[in-house]
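# What the coordinates show
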Amino acid sequence: MASFQCDIVSAEKAIFSGNAEQLVAAGVSGDLGILHGHAPLLTELKPGPIRVTREDGEEEVYFVTGGFLEVQPEVVSVLADTATRAHDLNEAAAEEARQEALRAMGDKQSDLDYTRAAAELAEAVAQLRTIQQLREKGGRG
Amino acid sequence: MAAAKEIRSQIGSIKNTQKITSAMEMVAASKMRKAQERMTASQPYAQLIRRVVSHIAKTNPEYRHEYMIEREVKRVGYIVVSSDRGLAGGLNVSVFKAVTREAKYWHEKGIEVDYAALGSKANVFFRNHGGNLVAGKSGLGEAPAVDDLIGSVSVMLKAFDEGQLDRLYVVHNEFVNTMTQKPVVRQLLPLQAPADDDEEETRASGSWDYLYEPDAKTLLDHLLVRYVESQVYQAVVENVACEQAARMIAMKNATDNAGNLIDDLELVYNKARQAAITQEISEIVGGAAAV
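Small disclaimer: the values here were computed from a predicted structure and weren't measured.

### Observations concerning the sheet that holds strand S4 (residues 167–175) of chain B
Residue and element names in this part refer to chain B. Pairing is mixed across the open sheet formed by 5 strands, whose spatial order is S3-S2-S1-S4-S5. Edge positions in the sheet fall to strand S3 (132–137) and strand S5 (181–189), since each of these pairs with one other strand and no more. Averaged over all adjacent pairs, the angle separating strand axes in this sheet is 20°, with direction ignored. Across the face of the sheet, helix H2 (residues 91–108) comes into contact with strand S1 (75–81), strand S2 (112–118), S4 and S5 while running at roughly 155° to S4. Each of S1, S2 and S3 touches helix H3 (residues 120–129); the most contacted strand, S2, lies at about 145° to it.

Next up, the structure:
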């Protein structure tokens, strides 16, 4: 399968750079699968996993809290707000964050707190989703 | 021996100063390494977003964002990045010189200039020398955070949105290497399609467009603001690395100069002491001969 150049960077550092066969990301309007020769596309990203299939068939999973995805036929760039390797994610911590956010939303003190809690909840849910995907992959293999 | 004593105390005070400057040199050297790491760590993002934006500038979009349209220039804005502290050689002065040059150029054309100052040295400079300061932020520290800059940047962006500014520049020091820092002036807005140096970009500009999700306006609004923020952040981080490098060099020079000064004074001191001894001997000899 034809491959394309893929760069993933976060504001702090470069996360991934190399050839990839496929990239799956969570865009604001739905999940996207990118292959070689995709039409030029720009989208915002939701908090969620990014799956990259490298040339050698290995799949890598990253977690981003939002950002932008640019697709050119030969080059794909991911500008993530913050990105972590999914392996570094901690399921217990994510679950705890989700509970915390739910609790914060329960006692609506102010609108500001509510929006922040909602954002935190979305992030925690996305982290859990990433971990689940990672586990499914592990189960299959 | 009065002169000799004076020289002694002078040497003592220079030695104390030398100890301070050499300590500052070492501190700056270790801080520079950290600042340089921070600079290189955030570079990929700044470069990649610049690449994306340069692609956008070449498209023929369904929706042209304010930031992409070249307007008649009536008023321009400068974001001036400086250090918070001095003792860094000509670092800040060379930035201010570059700004002054730019300001003169615009004034000759009868165009007003607004400034946003980042770092306390720039704030002091505009307070002392005039200049229409519209936003300022001091005390960014050694590890500046994006959040600290957003305030000043958004003031400038708002002015641009409202049509008060027609161009926006950022001025900062560029880290060439440890010995060399040079001031650069970069245009942030409106976006410039850069010279075609992209190897992968062979398609003619203006003949294609992206698919946008959710839609062009929302996306470009967010992306271009992020772009400006990231470029300013990169400028600030780079300036911090420059500051430490410049301070290290300045303090190294100061330490060397103190060493030379001490050597010279030692020589003068020895001469004075020798002269005093010679004089004493000749007085004794003269006295003995008289007896």
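Picking up where we left off.
### Observations concerning the interface of chain B and chain A
The partner chain A presents 27 residues to the 25 residues of chain B that form the contact. Taking both partners together, chain B and chain A bury about 2,200 Å²; carbon and sulfur atoms supply 64% of that area. Of the charged contacts, one joins Asp 81 of chain A and Arg 226 of chain B as a salt bridge, the two residues approaching to 2.5 Å between their closest N and O atoms. The tally of links from chain B across to chain A stands at 13 residue pairs in polar contact (both at pLDDT 80 or more). Only helix H1 (2–58), strand S6 (211–213) and helix H5 (216–290) of chain B provide two or more residues apiece to the side of chain B that touches chain A.

### Considerations on the nonpolar core
Among the nonpolar cores identified, the biggest contains 60 residues, and Leu 79 of chain A together with Ile 79, Leu 189 and Val 232 of chain B are the most heavily contacted of them. Looking at this core, the element that brings in the most residues is H5 of chain B, giving 19 residues. Those residues in contact with Val 232 of chain B, other than ones at most four positions away along the chain, are Ile 79, Leu 118, Leu 149, Val 153 and Leu 188 of chain B. Counting 22 residues, the second largest nonpolar core, distinct from the first, contains Ile 34, Ile 50, Val 64 and Ala 83 of chain A.

### So, the confidence of the model for chain B
All names here are of chain B. Looking at chain B as a whole, the pLDDT averages 88, with 94% of positions reaching at least 70. Ranking the elements of chain B by mean pLDDT puts S6 last with 84 and S4 first with 94. The model gives residues 198–202 a pLDDT under 50, and that stretch makes 11 contacts with residues more than four places away or in other chains. Scored as a whole, the predicted complex attains pTM 0.81, and scored at its interfaces, ipTM 0.73.

### Notes on the packing of aromatic side chains
Residues and elements named next belong to chain B. Under the defined criterion, the tally for this structure stands at 10 aromatic pairs over all chains. Taken together, a centroid distance of 5.1 Å and an interplanar angle of 70° make the contact between Tyr 105 and Trp 106 edge-to-face. Using a relative accessible area of 41% as the deciding quantity, one classes Tyr 105 as partly exposed. On the accessibility criterion, Trp 106 (4% relative accessible area) is buried. With a centroid separation of 6.4 Å and an interplanar angle of 50°, the aromatic rings of Trp 106 and Tyr 169 are classed as tilted. Of this pair, Trp 106 sits in helix H2 while Tyr 169 sits in strand S4, and the two are 63 residues apart along the sequence. Take Trp 106 and Tyr 169: they sit in the same class, and that class is buried.

### Let's talk about a nonpolar patch on the surface
Among the surface-exposed residues, Ile 277, Ile 281 and Val 285 of chain B lie close enough to one another that they form a single nonpolar patch of about 260 Å² accessible area. Its place among the elements puts Val 285 of chain B in helix H5.

### A look at the packing of helix H4 (residues 146–161) of chain B against H5 of chain B
Residues and elements named next belong to chain B. Orientation of H4 relative to H5, taken along the N-to-C sense of each, is 125°, at an axis distance of 10 Å. Between H4 and H5, the interaxial angle falls into the category oblique. Crossing of H4 over H5 shows right-handed handedness. For the pair H4 and H5, contact is made by Val 146, Leu 149, Ile 150, Val 153 and Leu 157 and by Val 225, Val 228, Glu 229, Val 232, Tyr 233 and Val 236, respectively. Looking at the contact of H4 with H5 residue by residue, the classes come out as 10 nonpolar, no polar and 1 charged.

### Comments concerning the pattern of salt bridges
Under the definition given, this model contains 17 salt bridges over all chains. Residues Arg 51 of chain B and Asp 7 of chain A are paired through a salt bridge, measuring 3.4 Å at the closest nitrogen-oxygen approach. With Arg 51 of chain B in helix H1 and Asp 7 of chain A in strand S1 (residues 4–10), this residue pair bridges two chains. For Asp 7 of chain A, a relative accessible area of 10% corresponds to the buried category. Each of Arg 54, Asp 56 and Glu 60 of chain A takes part in one network of salt bridges that share partners.

### With respect to the pairing of S1 of chain A
All names here are of chain A. Of all 7 residues in S1, 6 are buried, a share of seventy percent or more. Two strands pair when backbone bridges link them, and S1 and strand S2 (residues 14–27) are joined in this way by 6 bridges, in the antiparallel orientation. By the bridge assignment for S2, Val 9 is matched with Ala 14. Remark: 3 residues form the turn of the hairpin made by S1 and S2, two consecutive strands paired antiparallel. For S1 and strand S8 (residues 75–80), the ladder comprises 6 bridges, and the chain directions are parallel. Bridge pairing in S8 links Ser 10 to Ala 80.

Criteria and thresholds
- Residues numbered from 1 in each chain as written.
- Chains lettered and ligands numbered in written order.
- Predicted model: local features only at pLDDT ≥ 70, side-chain atom pairs only at ≥ 80, totals over all residues.
- Heavy atoms only, no water.
- Pairing = 2+ DSSP bridges.
- Helix = DSSP H or I, 4+ residues; strand = E, 2+ residues; numbered from the N terminus.
- Axes fitted to C-alpha atoms, helices over the stretch in contact; angles between N-to-C directions.
- Contact = heavy atoms within 4.5 Å.
- Buried area = accessible area lost by both parts, 1.4 Å probe.
- Salt bridge = Lys/Arg side-chain N within 4 Å of Asp/Glu carboxyl O.
- Polar contact = N/O pair within 3.5 Å; in protein donor to acceptor, adjacent residues only side chain to side chain.
- Core = buried A, V, L, I, M, F, W, Y, C linked by side-chain atoms within 4.5 Å.
- Buried < 20%, exposed > 50% of the residue type's maximum accessible area, 1.4 Å probe, protein only.
- pLDDT = per-residue confidence, 0-100.
- Phe/Tyr/Trp six-rings, centres within 6.5 Å; stacked < 30°, edge-to-face > 60°.
- Patch = residues over 30% accessible without salt bridge, like charges linked within 9 Å, V, L, I, M, F, W, Y side chains within 5 Å.
- Areas by Shrake-Rupley, 256 points an atom, 1.4 Å probe, with all protein chains shown as cover.
- Parallel < 35°, antiparallel > 145°, perpendicular 65-115°, else oblique.
- Left-handed = near helix turned anticlockwise from the far one by under 90°.
- Nonpolar A, V, L, I, M, F, W, Y, C, P; charged D, E, K, R; others polar.

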